[in-house]
Amino acid sequence: MNTEKKAIQDVLDICHDGYKGYERAAEDVENEEFRTIFHRLAQQRKLFIEELKNDMRDRGAELKDSGTVKGYFHRNWLDIKSAFSGKEDATVINEARTGEKEALDVYDKAMNSEVPQYIKDRLQKQRRLIAGAIVQLNEFERELAE
């Protein structure tokens, strides 16, 4: 159960980072369509957290979603960086994509750990949605390039 808890805790933390990151991204972009999508993705990450916390609660484990230290410092670094250089939509999109790619790695590790099949199935479903978000972010980048 310890390796299972660690794997799911890592997923909860990266989802928390994603939630916070998308909320910040929604504040930072100028494009209203992007802002709406970022708010939706933030809420999706919040749902991911609740689903996994409920699954683990059913297994007798209480987990918290506090995010990672790395995510906290990354968000603060982006604030400092943008104070000097301004926040361009392309930069925000690129940072979001970087976070999503990191999330895919965390999900892959969790799915390869010792977790019950029904949790692996949930992780796989959530992972597909994160991969879809990357596709959407790539589309946003192409829109900006036109």
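My aim in this report is to walk through the structure given alongside it, one point at a time. On a predicted model such as this, the values are computed, not experimentally measured, just so you know.

Turning our attention to the pattern of salt bridges. Note that side chains of opposite charge can pair when their charged atoms are close. A complete count under the given rule lists eleven salt bridges for this structure. Across the salt bridge formed by Glu4 and Arg59, the nearest N and O atoms sit 2.5 Å from each other. You can see Glu4 sitting in helix α1 (residues 2-28) and its partner Arg59 sitting in the loop between α2 (32-58) and α3 (69-85), a full 55 residues away along the chain. A relative accessible area of 34% places Arg59 in the partly exposed class. Where Arg57 meets Glu62, a salt bridge forms, and the shortest distance between an N and an O atom there is 3.1 Å. A relative accessible area of 57% means that Glu62 is categorised as exposed. Taken together, the shared-partner salt bridges connect Glu51, Asp55 and Arg122 into one network.

About the cut-offs
Residues numbered from 1 in each chain as written. Predicted model: local features only at pLDDT ≥ 70, side-chain atom pairs only at ≥ 80, totals over all residues. Heavy atoms only, no water. Salt bridge = Lys/Arg side-chain N within 4 Å of Asp/Glu carboxyl O. Helix = DSSP H or I, 4+ residues; strand = E, 2+ residues; numbered from the N terminus. Buried < 20%, exposed > 50% of the residue type's maximum accessible area, 1.4 Å probe, protein only.

Keep in mind that these numbers describe shape and distance, not what the molecule does.
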